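# Residue-level structure breakdown
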Amino acid sequence: MNVPNLAFYQQKLGKPYYDLEFLLLALKEILLDNGESEMANAIPWINELPPFREVLFTNKHIQLHSIVFQLINIVETNAAVQFRRHAEDEELSGINGLWAHHLEALKSKNISEGDILNQLRQIKVEPVLTAHPTEAKRSTVLEHHRELYLLMVQRENSMYSLQEQDNIRNNIKLSLYRIWKTGEIFLEKPGIESEFRNILHYLTHIFPEVLPVIDRRLVQAWREAGFDTEKLLSQGEFPKITFGNWVGGDRDGHPLVTGTITEEVLANLRLYAFIVLRRKLTALVQRISFAARSEDLPLELRARMAGIMDELGDRGKEAIERNRGEGFRQFINLMLYKLPLNMMRDHATSMQEFPGCYRFASEMMADLKILQHALVKYGAKSVAYTDVFDVIRHLECFGFHLAVLDIRQNSTFHDQALAQLLKAARVDGDEFPGWDESQRLAYFDQELQLNRPFTNKNTQVGPQARAVKDAYKAVEGHTRKYGTHSIGGFIVSMTRSLSDLLAVYVLAREADLTDISEEGLFLNIPVVPLFETIDDLAAAPEIMTAFLTHPFTQRSLEAIRKDRNQPILTQQVMIGYSDSNKDGGIMASQWNLYKAQARLQQVGEQLGIKIKFFHGKGGSISRGAGPTHYFVKALPHSSLNGAMRLTEQGETIDQKYANKVNAAYNLELLIASTMGQTIEDRFSERKDHPLEDVIEYLASESNQYYRALLESNNFIPFFRQATPIDGIERSKIGSRPSRRTGTNSLDDLRAIPWVFSWSQSRFNMTGWYGVGTALVNLKASNPEGFKAIQDATRTDPFIRYVFTNIDTALAATDPEIMRQYASLVQEAPIRDYFLNLFLEELTRTQEVLSELFSRPIEQRRSQHYYSNALRNSILIPLHYKQVEILKKWRATREGEDLRSDELLMELLTTINAIAGALRNTG
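A brief look at the structure comes next. Note that the structure is a prediction, hence the values are computed from the model and not measured.

Rules used in this analysis
- Residues numbered from 1 in each chain as written.
- Predicted model: local features only at pLDDT ≥ 70, side-chain atom pairs only at ≥ 80, totals over all residues.
- Heavy atoms only, no water.
- Helix = DSSP H or I, 4+ residues; strand = E, 2+ residues; numbered from the N terminus.
- Buried < 20%, exposed > 50% of the residue type's maximum accessible area, 1.4 Å probe, protein only.
- Areas by Shrake-Rupley, 256 points an atom, 1.4 Å probe, with all protein chains shown as cover.
- Pairing = 2+ DSSP bridges.
- Patch = residues over 30% accessible without salt bridge, like charges linked within 9 Å, V, L, I, M, F, W, Y side chains within 5 Å.
- Salt bridge = Lys/Arg side-chain N within 4 Å of Asp/Glu carboxyl O.
- Lys, Arg positive; Asp, Glu negative; His and termini not counted.
- Charge placed at Lys NZ, Arg CZ, Asp CG, Glu CD.
- Expected span 1.5 Å × (residues − 1).
- Polar contact = N/O pair within 3.5 Å; in protein donor to acceptor, adjacent residues only side chain to side chain.
- Contact = heavy atoms within 4.5 Å.
- Axes fitted to C-alpha atoms, helices over the stretch in contact; angles between N-to-C directions.
- Parallel < 35°, antiparallel > 145°, perpendicular 65-115°, else oblique.
- Left-handed = near helix turned anticlockwise from the far one by under 90°.
- Nonpolar A, V, L, I, M, F, W, Y, C, P; charged D, E, K, R; others polar.
- Phe/Tyr/Trp six-rings, centres within 6.5 Å; stacked < 30°, edge-to-face > 60°.
- Core = buried A, V, L, I, M, F, W, Y, C linked by side-chain atoms within 4.5 Å.

Secondary structure assignment for the protein yields 39 helices and 13 strands. Expressed as lengths along the three principal axes of its C-alpha atoms, the size of the protein is roughly 85 × 80 × 65 Å. Across the 922 residues in the protein, those meeting the buried criterion constitute 61%. Accessible area of the protein: about 36100 Å², with a carbon and sulfur share of 49%.

Structure, rendered in structure tokens:
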């Protein structure tokens, strides 16, 4: 197999690869213990293996390689955690992007403690968890990986005796065997219910546990910076973090997300919010065991206890009977009894509302604040500012809804729904799709002055209209009862005009979601545009100016401001990294995203409206990935404005948040970077990007070259034959289809399988194609501009972020493997033409980037380079095997061979293994 031995990589990369050797030997032992000597002797790096072409590379070999890649991921994650711990022991501010680092940086810019404190309370971060089909591993396998990781962390602890260490090793072996015997790939497409359960795991068991850790680290960093922790703790205004969720709400091209599903998800989010709150309050009862008679408690607390007892009646009497002589505990017991939960065998099983129960989070927040103030008066300030504050923070972050649910649908789907509603109302709905923008706006303006629907509950409507009404009715039923804080917004995919946004108001009126004031109708739920293509990003400022000045929008934003207690009018705008990249290539995508944010921010300032950007990012470089702190720093000046909302998709959720230590790090990185950059922007002058003209040239040139490729004759046949896109389309890794409407076109194909397929075949063209040509042309036509870009890779945050990401995509690209996949293209002229295009541009881009960075990648990013080399040393046979399976599977499909399903399973196993090795799918 000609694989370098592990000692080579241990010398280059250090400790994690000694841990890898430990795991590989443990895996070999457990396989031998269970009579699987053939597979035990096939483990790479610790066995002498023949060249892979001489090995019978079976499905089991593929699974073995897949597990080995996961072990590399685990040891590298653990090594990163240990590195951060050691670095912080030496200097707390030594890790880039975290609280201590940013506080020191702000101090160095002479920004005072008071200024930082005033800005701190305005910071708001909201990761949004999605279930896009990018997680190739089953949730059962993810659980086993989490268990193995925790065992490896245990192994780091020097307190254990030799006997205890031996027991840990044995448990690691057993964990490895469970992973070996568990099928890794989805045999059936996961349902929305299983995707929701996976999201719930993070919302109920990970994030509630790491939130106090992040807060404690802020207090430590505050103290380390020489600031007054008393001021920080007494004001209680830490940066806000909340969470969003798309599972059960994202229906863009997803027919399984029905109104019923949305109702169930909203109900379950509320149920589990109370379940976790009960857990928090129960822990608080255990901690606050102070001997304090009720008559000795502060007056405010006693009065509220009496009030709760009146509200609860007999339930209140039952609660107060517990913990006599421990007044604080009695008060918390009363709060527990106000939770609207049905308890069976001491477990909360369902919602059960009753007179006096909590309905709104603000009610419980008021009681917690009374408890906190009473403890301060009692003299237990430390407990008030830690134990009680943790519950206050939890409620502030998760409320009674756990995570806000976004309702997303495509603008074209809305058009179809409106046409069907008009037709049902005996208006000429068939003509509506052909109306131009001026006709639509005139009609919507007329309709939005009227408070009447097109149809009633007995009217029969078409499928799109019924789907939209059902979704909006689910939202209406929930929000009328519990308020709108559980809904993030109505997101309009592929927003291309003002009418696409006004259409949501008309549809909301149809579902009784609108309200009326003296000024007219309004909607109390945000309508959020999603600008995705290059053209739409360019048009976004004009569209948003018209939308934000529309009377209906103005009334709606004011209602939302009052309802959500916002200081000023706020408009959320979502920008799409995936489709803009698919549309125009990486350079054009990144620059147009940058320009759109800068211009939209200025639109908001001119209108007195805060623009809150929602970043639709994915897990791969071409879909907006990259180090979080570099990403935040690369945003246009002032565009953060204290608010960060972004998607966390598929395998990214597991990679960042599967274990609590890593979850705490990644959340702190996000919140602290948002804080640091926001405050820095507010105390510095905004200027246009100094290299705007040069970057514009690069974006335009690379876009032209990229679009010329996509629009070439026979490009689609090449793409479909030279990548495993057809296998990915048949994979079971997500509940939603890979196409929005099912048509066989590049426009209809989602960005995720597009990127996934190029990644699997190691072209990775979505992360670099067109950039080399643009840079070479820049150097020839404007040498000073090229030199300016070269200098900026070391100093400019945007340039550094973009070109480092391009560099990362290039590092994962392999010309030899590209040739193997290209060999699948049946027509030689098509194959040769496009392969040569790719290889020429790859060479061009690699050469010009080496010149740009002045050093080869193995010198400037040695850790990344050798980690890739390690993986690649055993990836090659997997790629060859996948090519072989693709060839056979495609032949059997054409001949309706009975082996087709068996070959598909083999193909999916290789897809899963390669995705694990590359650490991303789409």
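Now for the pairing of strand β12 (residues 610–616). Extensive coverage of β12 is indicated by the burial of seven of its seven residues. Of the two faces of β12, the one holding Lys610, Lys612, Phe614 and Gly616 and the one holding Ile611, Phe613 and His615 are both buried throughout. Judged from the two bridges that link them, β12 and strand β13 (residues 643–649) form a sheet pairing that is parallel. Looking across to β13, one finds that His615 is bridged to Leu646.

Turning to a negative patch on the surface, a few remarks are in order. The grouping of Asp89, Glu90, Glu91, Glu104 and Glu224 at the surface amounts to a negative patch. Note that Glu104 resides in helix α5 (residues 99–108).

Moving on to helix α34 (residues 797–811). Over its 15 residues, α34 runs 21 Å from end to end, which matches the ideal 21 Å to within 8%, given 1.5 Å per residue. For α34, a buried count of 12 out of 15 residues is recorded, marking the element as mostly surrounded by other parts of the structure. What α34 keeps buried is the set Phe798, Ile799, Tyr801, Val802, Phe803, Thr804, Asn805, Ile806, Asp807, Thr808, Ala809 and Leu810. The distance from a side-chain oxygen at the start of α34 to the backbone nitrogen of Phe798 is 3.1 Å, and the residue carrying that oxygen is Asp796.

In this section: the pattern of salt bridges. Taken as a whole and assessed by the stated rule, the structure comprises 58 salt bridges. For Glu29, the salt bridge goes to Lys173, with nearest N and O atoms at 3.3 Å. Residue Glu29 is located in helix α2 (residues 16–33), and its partner Lys173 is located in helix α8 (residues 162–181); the two are separated by 144 residues in the primary sequence. With its nearest N and O atoms 2.9 Å apart, the salt bridge here joins Asp726 to Arg890. Placement of Asp726 in helix α30 (residues 725–729) and of Arg890 in helix α38 (residues 862–894) is noted, with a sequence separation of 164 residues between them. Judged by relative accessible area, which is 5%, Asp726 ranks as buried. In the salt-bridge network here, residues are joined through shared partners; they are Lys15, Asp19, Arg155 and Glu156.

Turning our eyes to something else, we now look at the environment of Pro627. Mapping Pro627 onto the fold places it in the loop between β12 and α25 (628–633). Separated by 39 residues in sequence, Pro627 and Asn666 place their C-alpha atoms 9.9 Å apart. Filtering out sequence-adjacent residues up to four positions away, Pro627 remains in contact with Tyr801 and Asn805.

Put simply, helix α24 (residues 586–607) and helix α28 (residues 692–710) touch, their axes get as near as 8 Å, and they point 135° apart. With respect to α28, the element α24 is oriented oblique. The way α24 lies across α28 gives a crossing that is left-handed. In this structure, α24 contributes Met587, Ala588, Trp591 and Lys595 to the contact, and α28 contributes Glu692, Ile695, Glu696, Leu698, Ala699, Ser702 and Asn703. In terms of residue class, the contact of α24 with α28 is made up of six nonpolar, two polar and three charged.

Turning next to the packing of aromatic side chains. In the structure shown here, the tally under the stated rule is 42 aromatic pairs. Taking the centre distance of 6.1 Å and the plane angle of 80° together, the rings of Trp246 and Phe614 count as edge-to-face. Highlighted residues: Trp246 in the loop between β3 (244–245) and α11 (259–287) and Phe614 in strand β12, separated in sequence by 368 residues. The same class applies to Trp246 as to Phe614, namely buried. Ring centres of Phe432 and Trp435 lie 5.2 Å apart, and the angle between their planes is 70°; this geometry places the pair in the edge-to-face category. Residue Phe432 shares its accessibility class with Trp435, and that shared class is buried.

Moving on, we come to the pairing of β13. Along β13, seven of the seven residues are buried, which leaves the element largely enclosed by surrounding structure. Because side chains alternate across β13, one face comprises the buried residues Ala643, Arg645, Thr647 and Gln649, and the other comprises Met644, Leu646 and Glu648, equally buried. Relative to β13, strand β1 (residues 124–130) runs parallel, the two sharing seven bridges. Looking at β13, one finds that Val125 is bridged to Met644.

What follows covers helix α32 (residues 771–781). All of the buried residues in α32 are Val771, Gly772, Thr773, Ala774, Leu775 and Leu778. Buried residues along α32 sit in contact with α24, α28, α33 (783–795), α34 and α36 (828–853).

So, about the packing of α28 against α32. It is at 8 Å that the axes of α28 and α32 come closest, and there the two elements cross at 130°. With respect to their mutual orientation, α28 and α32 come out oblique. The way α28 lies across α32 gives a crossing that is right-handed. Taken together, the residues of α32 that come into contact with α28 (itself represented by Val694, Tyr697, Leu698, Glu701, Ser702 and Tyr705) are Val771, Thr773, Ala774, Leu775, Asn777, Leu778 and Ser781. Grouping the constituent residues of the contact of α28 with α32 by class yields eight nonpolar, four polar and one charged.

Below, the discussion takes up the side chain of Glu76. Checked against the element boundaries, Glu76 lands in helix α4 (residues 59–90). On the accessibility criterion, Glu76 (16% relative accessible area) is buried. Beyond its immediate chain neighbours, meaning those up to four positions away, Glu76 contacts Pro16, Tyr17, Ser867, Arg871 and Arg919.

Turning next to the nonpolar core. Ranked by internal contacts, the top residues of the largest apolar core, which has 243 residues, are Phe207, Trp754, Phe803 and Phe838. Not counting the four nearest positions on each side in its chain, Phe803 is found in contact with Met587, Leu698, Val771, Leu775, Ile789, Leu849, Leu852 and Phe853.

Our next topic: the environment of Asn764. On the secondary structure map, Asn764 appears in the loop between α31 (751–760) and α32. Note: C-alpha distance between Asn764 and Glu90 (674 residues apart in sequence) is 39 Å. Once residues lying within four places of it in the same chain are set aside, the contact partners of Asn764 are Trp758, Ser759, Ala809, Ala812 and Thr813.

A few words now on unusual backbone geometry. Phi at Met494 is positive, roughly 55°, even though this residue is not glycine. As for its position among the elements, Met494 is in the loop between β7 (487–493) and α20 (498–510).

Glancing now at the environment of Thr58. Within the element layout of this structure, Thr58 appears in the loop between α3 (37–40) and α4. The class of Thr58 is partly exposed, set by a relative accessible area of 27%. Between the C-alpha atom of Thr58 and that of Ser761, which follows or precedes it by 703 residues, the distance is 20 Å.

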